[in-house]
Amino acid sequence: MIGHEIIGELTYGGSMKSVFRFLAFVVAAYFIVRAVVEPFVVDFSDPSSYENDWGGPSLIGVLAVHMVPGIIAAALLTFWLVKTKRTKQADD
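Definitions and cut-offs
Residues numbered from 1 in each chain as written. Predicted model: local features only at pLDDT ≥ 70, side-chain atom pairs only at ≥ 80, totals over all residues. Heavy atoms only, no water. Helix = DSSP H or I, 4+ residues; strand = E, 2+ residues; numbered from the N terminus. Buried < 20%, exposed > 50% of the residue type's maximum accessible area, 1.4 Å probe, protein only. Contact = heavy atoms within 4.5 Å. Areas by Shrake-Rupley, 256 points an atom, 1.4 Å probe, with all protein chains shown as cover. 1 Å grid on protein atoms, 1.4 Å probe; cavity = no way out; pocket = protein on both sides within 12 Å on 5 of 7 lines; lining within 4 Å. Points joined across faces, edges and corners; volume = space filled by probe spheres on them. Nonpolar A, V, L, I, M, F, W, Y, C, P; charged D, E, K, R; others polar. pLDDT = per-residue confidence, 0-100. Polar contact = N/O pair within 3.5 Å; in protein donor to acceptor, adjacent residues only side chain to side chain. Expected span 1.5 Å × (residues − 1). Bend = angle between axes of the 7 residues up to and from the residue.

## A short note on the overall build of the protein chain
Move 1: In terms of helices and strands, the protein chain carries three helices and zero strands.
Move 2: Taken from N to C terminus, the helices and strands of the protein chain fall in the order α-α-α.
Move 3: The buried share among the 92 residues of the protein chain stands at 18%.
Move 4: Within the protein chain, contacts between residues at least 6 apart in sequence are counted, and of these 41% link residues at least 24 apart.
Move 5: A total accessible area of about 6,800 Å² is found for the protein chain, and carbon and sulfur atoms account for 69% of it.

Quick look at the structure:
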């Protein structure tokens, strides 16, 4: 699990790069969870429930503002994990 590797690096003499990776992982996780939860939180039949949210008053704007950062974070995190895995396999 990637979280344990990062925490292990921090605990046992890691660098600032490890701190940055850990913080980036936490922020990405937040955006991804927020993107997954947003469609279940919004009441699609009641525009007054989302008209004052960021991206409002339109539903598409609200969903874009709340979900696109999570989609981008998931794509970047997947790219980073694949790259890390390939690098480790090449080193072996």
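## Remarks on the layout of surface pockets
Over the atoms a probe the size of a water molecule is rolled, and this reveals where empty space is left.
Move 1: Of the voids in this model, the largest pocket is the one considered here, and its volume is about 230 Å³.
Move 2: Surrounding the largest pocket, Phe 20, Arg 21, Ala 24, Phe 25, Ala 28, Ile 72, Ala 73, Leu 76, Leu 77 and Trp 80 form its lining.
Move 3: Residues of the lining of the largest pocket, tallied by class, amount to nine nonpolar, no polar and one charged.

## A word on the confidence of the model for the protein chain
Move 1: The predicted model of the protein chain has a mean per-residue pLDDT of 84, with 83% of residues at 70 or higher.
Move 2: Ranking the elements of the protein chain by mean pLDDT puts helix α1 (residues 2-11) last, at 56, and helix α2 (residues 16-41) first, at 91.

## Some remarks on the environment of Ser 58
Move 1: With respect to the helices, strands and loops of the structure, Ser 58 is situated in the loop between α2 and α3 (59-91).
Move 2: There is a polar contact of 3.2 Å between the side chain of Ser 58 and the backbone nitrogen of Gly 61.

## Concerning unusual backbone geometry
Move 1: Between Gly 56 and Pro 57 the backbone carries a cis peptide bond, its omega angle lying at 10 degrees.
Move 2: Its location among the elements puts Pro 57 in the loop between α2 and α3.

## Re the environment of Ala 35
Move 1: Secondary-structure assignment places Ala 35 in helix α2.
Move 2: What Ala 35 contacts, discounting residues up to four positions off in sequence, is His 66, Met 67 and Gly 70.

## As for the side chain of His 66
Move 1: Here His 66 is to be found in helix α3.
Move 2: In this structure the side chain of His 66 is engaged in a polar contact, spanning 2.8 Å, whose partner is the backbone oxygen of Val 62.
Move 3: The residues contacting His 66, other than those within four sequence positions of it, are Arg 34, Ala 35, Glu 38, Asp 53 and Trp 54.

## Quick notes on α2
Because an α-helix packs 3.6 residues into every turn, residues spaced three or four apart end up facing the same way.
Move 1: For α2, with 26 residues, the first-to-last C-alpha span of 37 Å sits near the 38 Å given by 1.5 Å per residue.
Move 2: The sharpest bend along α2 reaches about 25 degrees and sits at Ala 35, with the proline Pro 39 one to four residues further on.
Move 3: Along α2, the positions that sit buried rather than exposed are Ser 18, Ala 28, Arg 34, Ala 35 and Glu 38.

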